Amino acid sequence: TAILLSDYTPFSHLIDHVTLHFTLHPLQTRVSARLSLRPNPAAVQGQDLRLDGENLSLLSLALNGKPLAHAPDETGLTIPAADLPNGPFTLETEVEISPQTNTSLDGLYMSNGMYCTQCEAQGFRKITFYPDRPDVMARFDVTMDTDLPTQLSNGNPTGPGAWHDPWPKPAYLFALVAGDLVAHTDHFTTLSGRRVTLNIYTRAGDAHKCAYAMDSLIRSMRWDEQVYGREYDLDIFNIVAVDDFNMGAMENKGLNIFNSKLVLATPDTATDDDYARIEAVIAHEYFHNWTGNRITCRDWFQLCLKEGLTVYRDQQFSGDMRSAPVKRIEDVLALRARQFREDGGPLAHAVRPDSYVEINNFYTATIYEKGAEVIGMLKTLVGDAAYADALNLYFTRHDGHAATIEDWLQVFTDATGHDLTQFKHWYTQAGTPHLTLTDDFKNGTYTLYIKQNNPTTPGQPHKDPKVIPIALGLLSTSGAEVLPTTILTLTQAEHSFEFPNLTAKPIPSALRGFSAPVVLHQTQSNTDRAILLAHDTDAFNKCEAGRALAKSALTDHILHQTPTPHDWLAAITAVTRETTLDPAFRALTLRLPSDDDIAQTLHASGHIPDPAAIHAARRTLQTDLANHLKPHLPSLIAAHQTPGDFSPSAIAAGHRAFRLGLLSLMARIDTAPATHAYQNAKSMTEQLGALAILLDNGMGQPELAQFHAQWQNDRLVMDKWFGLQISMAAPDHAAHITKFLTEHADFDWKNPNRFRAVIASLAANHAGFHHASGQGYALLADWLIKLDPVNPQTAARMSTAFETWPRYDQTRQTLIRNELSRIRQTPNLSRNLGEMLDRMLGA
Ligand code: ARG
Ligand code: ZN
C-alpha cells in the first residue's frame, strides 16, 4: 500500500537519548537498546507508541525497568497509550538478529567477515525496535563486544569499541563496523583550528589503494569551508570500504561506508573514470555532513532536499577541481541518458514525489540529478550572490532540523525576495519540458519565439507551465558573438523575445550551459551548427552543435539511408585537429551519441527506434569518420601519449581519453595500433580502453585471456573483465556471452558489483539487449526472479532496464510486457520489485 505525503504527522514522542550495545555474532547478534523518551509536545497527546521492527526476535522489553509482555507484529511493536507515562520514560529492549544470513545488505550484515550496516532508508528497523523515520533525531551512545580488532560507530571514540555522537541524528545515519581492517590515516585542521583524524579502513591487501580517496577527502573538506563556509564538527572522520554494497556510498555521521569500487584506486587497477567517480562520491558523502546530516529531511518525500543539493555541491566541486565545461558536458550527457529516459517513461515521478510504496525505489536520477538541476536553475534565477545568502540562511535557520522543500524555498524567498510559487512546479510536477524555438528577422530586429510543452506523466495528466531560465547568446554568420550570454526567463506556454539593431540575421546559441533540464527542438541548418561548433564561446553549446550534427547525420542515415554528410566530417575533423582545444573536450566531441541516446532522440521526434539499424548506422558513421580522419590519425595518436609517471589529473586523463578515441577510430581501419597500445599500456585506463577497442572489432581474445591471468585475484578489476565482454559484444552474441559468463566460476551473483558488471552490462548493450529474439529480455527476467528473494533492492533497481519499453515496436513491447508479467506472477515477490513492475506495467 502506498504511503502519502499528505498523511504526514509528527511522531508521538521525542527521543532524547539512545544507548545501544551490540554483542556481535554471525548468526546470533544481540542488540540491547535503551531509549529515553517523552511525549512530543508538537504531536497529538495520548497516542500509542509505535516502534518499527522487522525480522527481530524480541528477547526482553521493559518500561522504566518494569517488564512488559507486548508481542511484536510483522512490522513493529506497539506499546499502548495506557502503559505510557505522561512524562519522560525509559524503554529497554533486547533483540536477536542474524547478520550472516542477511543477504539484502540492508540493516546489519556481513561482508567477507566484516560486520557493517546500511540503514538508509529503512534499515535500522532490522537492527532494533525504533521509530525509523528521519524526523526523530536523537543522540546515540554505542558499545560493542567482539574479538574483531576494528570497532567503529558514529561520533567520537570514548573507549575501545565505545562511541559517543554529540549530534542528534535520525536512525538512518546510524552505522556500525567491526572487522579486521587496516587504516590509511591522515589529518585535517579545520578553519577554526580543530585537528581531525581521517581514516580510510580497508582489508589488509587494499591499504595501498587509498591515497586518492584520502586526497579527495582533504580537498573536499577545504572546499566546503571555502565555498560554503561549512566546517567539520567531530574529532574523527572514518571511511570504510566494503565489497558487498547495494549502492555507491552512505553518509553515516562520522562513519561513511563506501562500496570499495568508490574508494580503492591505483593507476594500474582503476580507470580515469573511476578516479573521477571516487573524487565525486567522496565529496558527495562528505558534503552530506551539512546537507543531509546537520540538516536532514522531515520525511522521505523530501529526499531531494539533501540529495539534489548534495549532488549540486559535488558537481560544483568536481568542476572546480577539473575542467568545469567538460564536467558540465559529462553531467548533462548522464542526465539525458538516465533522467530524461526515466522522465519520459512509465517510471516518471516528481523531484518531490507525493506517494511511494517502497522508498528505496526512489533513489533515482530524478531525485538526485534533476534535483541538482533544479538548484542550478534557482541559482541562475536569483544570481550567485543571492544564492550564497540563501544558503547561509538555510544553514543557520535549519541547523539541527528535519526540513522540507517548503522550508528550502522559503529560505530563498526570505533571502532574495523572489516569489517561488511557480518555480515550485519543478519539484511537484514530473516530466521533461519540451521547448520549440522558431525565429524571424525583419528590419534589423531578430525575434525568437519559444513554446513550452509539458507532456503528461503517469498520475499527472495536467501540467502547468514552468519557470525556465534560457541562457542565450547570438552569433553572426562569421562566428562573432553579437549578443553575449543573456538569461531569458520563460513563465508561460509561449513567449517572444526581440533583439533590435542587428545588421543581419544571427545564429542563436540557446540553452547555453544547459541552463534548464529540457528537450530543445529547433530547426538548425548544418551550416549554422558547424559555425556554432567552430565558434560558440559557450563550451557546452559548442559541443552540443557537434552532437546535433552527428545526430542529424545518424537519424538521416537510419530513416532515409542518407550517406554520411561531408559537413559533419569536415567540422569534426577541424575540432579534432584544433590543438588549442582541451583534449578532454575534443574526446567528447569525437564520441558519437550512444545507441540509447539515438533511440531516445528518434522516439522524441515521433519515430520507432530500430535497435539493429541504430547500431549499424553508428558503426557506418564511425568508419566513415575514421576514413576521413585517416591522414591525421597516426600523428594525433602519437601526440597524445602521456609521458612520464602516471597522473590522475583531469589534464592527463583528457589526453588518455582523446588518444583512446582516436585509436578506436583507427581500429576501424587497422587494429594493430590498438594491439600495440594494449601491450604497452601503463594504466588501467589504457589497458582496458585498448581491450575494449579490440573486442569492439571482433579481436582481442588473447588479450582477454592475458587480462584474466593478470587480474584474476583483484575483484574490482575482474568486474571490468566481466562487464567489458558483454558491453562490447556484437548484438547477435550479447545474450549468449552474458549467459556464458553467468556460468563462470567467478560469477558471484550475490555480490552486487559482480551482478551489475554482468547483468547491467547486458542491459546497457542496446542492440544486444533489445535483440529481436527477445533472449536479452528473458535472461534479465530470469535473473531478476532469482535475485529478488536474496537482494530485493538491487533486483528492483536493475528492473529499470525495461522502463523504455513504450519506445519500441509492437513485437518488442509485447516481448517485454510478457517478461514483466512473468516476473510479476512470481510468488512472494518483494515490495521493491513488485512496485517497479506495477509502475512499468501501468497497473
Ligand atoms: N544517501 C546515500 C547517498 O546518496 C544513498 C543511500 C541509498 N541507499 C539505499 N539503500 N537506498 O550518498
Ligand atoms: Zn547522497
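Residues numbered from 1 in each chain as written. Chains lettered and ligands numbered in written order. Predicted model: local features only at pLDDT ≥ 70, side-chain atom pairs only at ≥ 80, totals over all residues.

### Some details on the overall build of the protein chain
Spelled out, the test is: Strands are runs of DSSP state E lasting at least two residues, helices are runs of H or I lasting at least four, and both sets are numbered from the N terminus onward. Here the globule rule reads 2.2 Å times residues to the power 0.38, and the radius of gyration is calculated from C-alpha atoms. Each residue is classed by its C-beta neighbour count within 10 Å, where at least 20 other C-beta atoms makes it buried, 12 or fewer makes it exposed, and intermediate counts make it partly exposed; the C-beta atoms are placed from backbone geometry. We call two residues in contact when their backbone-placed C-beta atoms lie within 7 Å.
The helix and strand inventory of the protein chain stands at 27 helices and 30 strands. Relative to its length of 843 residues, the protein chain is compact, with a C-alpha radius of gyration of 27 Å against a globular reference of 28 Å. For the C-alpha atoms alone, the extent of the protein chain along its principal axes is close to 85 × 65 × 60 Å. Expressed as a percentage of its 843 residues, the buried residues of the protein chain come to 51%. Long-range contacts, defined here as pairs at least 24 residues apart, represent 69% of the contacts in the protein chain between residues at least 6 apart.

### A look at the UniProt feature "domain: Aminopeptidase N-like N-terminal" (unreviewed entry) in the protein chain
Stated precisely, the cut-off is as follows: UniProt positions are given in the numbering used here, feature names are shortened, and annotations may be inferred rather than shown by experiment.
Under the feature "domain: Aminopeptidase N-like N-terminal" (unreviewed entry), the UniProt entry names residues 73-156. The span residues 73-156 shows a helical share of 0% and a strand share of 43%, and its end C-alpha atoms are spaced 35 Å apart.

### Some words on the sheet that holds strand β24 (residues 434-442)
Strands belonging to one sheet form pairs held by backbone hydrogen bonds; the direction of such a pair is parallel or antiparallel. Heads up, the rule is: Two strands pair under a simple rule: DSSP has to find at least two bridges between them. Axis lines are fitted to C-alpha atoms, over the contacting stretch for helices. Their N-to-C directions set the angle, which ranges from 0 to 180 degrees.
What the four strands build is an open sheet, ordered β28-β25-β24-β30; its pairing is mixed. Because the sheet does not close on itself, it has two edges, and the strands there are β28 (494-499) and β30 (519-522). Strand-to-strand twist in this sheet, taken as the mean axis angle between neighbours without regard to direction, amounts to 25 degrees. Where β24 meets β30, four bridges bridge the pair, whose relative direction is parallel.

### Structural notes on the site of ligand 1
Put simply, the test is: Put plainly, near means the residue's C-beta atom, positioned from the backbone, lies within 6 Å of the molecule or strand in question. Following the grouping adopted for this structure description, the nonpolar residues are Ala, Val, Leu, Ile, Met, Phe, Trp, Tyr, Cys and Pro, the charged ones are Asp, Glu, Lys and Arg, and the polar ones are all others, Gly among them.
Taken together, 14 residues surround ligand 1, and among them E120, M247, M250, N360 and Y363 come closest. Counting only elements with at least two residues in the shell around ligand 1, the list comes to β19 (249-250) and α2 (272-287). Partitioning the shell around ligand 1 into residue classes produces five nonpolar, five polar and four charged.

### A word on the pairing of strand β14 (residues 162-169)
Where strand β11 (residues 138-145) and β14 come together, five bridges link them in antiparallel fashion. Note that in β14 the partner of F140 across the bridge is D165. In the sheet, strand β13 (residues 156-159) pairs with β14 via three bridges, with the strands oriented antiparallel. Paired with P157 across the strands is W163, a residue of β14. In sequence, β13 turns back onto β14 through a hairpin of two residues, with G161 there showing a positive phi of about 65 degrees.

### Structural notes on the nonpolar core
The nonpolar side chains of a soluble globular protein tend to be buried with one another. What counts here: The term nonpolar core means buried Ala, Val, Leu, Ile, Met, Phe, Trp, Tyr and Cys residues held together as one set by C-beta atoms within 7 Å.
Among the nonpolar cores identified, the biggest contains 238 residues, and L176, V177, V240, I257, V263, L663 and L762 are the most heavily contacted of them. If one sorts the elements of this core by residue count, helix α10 (residues 539-560) sits on top with 10 residues.

### What about the pairing of strand β10 (residues 114-118)?
Taking burial as the measure, the five residues of β10 include five buried ones, the bulk of the element. Of the two faces of β10, the one holding M114, C116 and Q118 and the one holding Y115 and T117 are both buried throughout. As judged from the five bridges shared by strand β9 (residues 107-111) and β10, these two strands associate in the antiparallel manner. Bridging across to β10, Y109 finds its partner in C116. Between the antiparallel neighbours β9 and β10 lie two residues, among them N112 with a positive phi of about 50 degrees.

### Description of the sheet that holds strand β16 (residues 182-189)
Strand order in the open sheet formed by five strands is β16-β17-β18-β20-β19, with mixed pairing between adjacent strands. Looking at strand neighbours, the two that pair on one side only are β16 and β19, the edges of this open sheet. Across five bridges, strand β18 (residues 236-242) lies against strand β20 (residues 255-259) in parallel orientation. Each bridged residue has a counterpart across the sheet, and for V240 the counterpart in β20 is I257.

### So, helix α20 (residues 715-727)
Quick reminder of the rule: In this scheme, a helix's expected span is set at 1.5 Å multiplied by one less than its residue total.
Between its first and last C-alpha atoms α20 spans 18 Å; for 13 residues at 1.5 Å apiece the expected length is 18 Å, and the two agree. Counting buried positions along α20 gives 11 out of 13 residues, so the element sits mostly inside the fold. Buried within α20 we find L716, V717, M718, D719, K720, W721, F722, G723, L724, Q725 and I726.

### Notes on the packing of helix α17 (residues 672-679) against helix α18 (residues 684-696)
We count it as follows: Throughout, the term roughly parallel applies to angles under 35 degrees, roughly antiparallel to angles over 145, roughly perpendicular to angles from 65 to 115, and oblique to all others. Note on convention: near helix rotated counterclockwise from far helix by under a right angle means a left-handed crossing. Clockwise means right-handed.
Where α17 meets α18, the axes come as close as 8 Å, and the angle between the chain directions of the two elements is 150 degrees. Here α17 lies roughly antiparallel to α18, going by the angle between them. α18 is crossed by α17, and the crossing has left-handed handedness. Contact with α17, carried on its side by A674, T675, A677 and Y678, involves E686, Q687, A690, L691, I693 and L694 of α18 and no other residues of that element.

### Focus on the environment of F362
Structurally, the position occupied by F362 is in the loop between β22 (355-356) and α5 (365-382). Placed 146 residues apart in sequence, F362 and P508 show a C-alpha to C-alpha distance of 37 Å. Apart from residues no more than four positions distant in its own chain, F362 is found in contact with L303, P353, Y356 and I367.

### Some remarks on helix α13 (residues 595-604)
Taking burial as the measure, the 10 residues of α13 include eight buried ones, the bulk of the element. Those residues of α13 that fall on the buried side of the exposure criterion are D595, D596, D597, I598, A599, Q600, T601 and L602. Those residues of α13 hidden inside the fold are in contact with α4 (324-343), α10, α14 (611-629) and α23 (766-769). Phi turns positive, to about 85 degrees, at G606, one or two residues after α13.

### Looking at the environment of M840
Considering the arrangement of structural elements, one finds M840 in helix α27 (residues 831-841). Residue classification places M840 among the buried residues on the basis of 24 C-beta atoms within 10 Å. Once the C-alpha coordinates of M840 and P346 are considered, the two residues, 494 residues apart in sequence, prove to be 5.2 Å apart. Each residue touching M840, except ones within four places of it in the same chain, is listed here: P346, L347, F802, E803 and L820.

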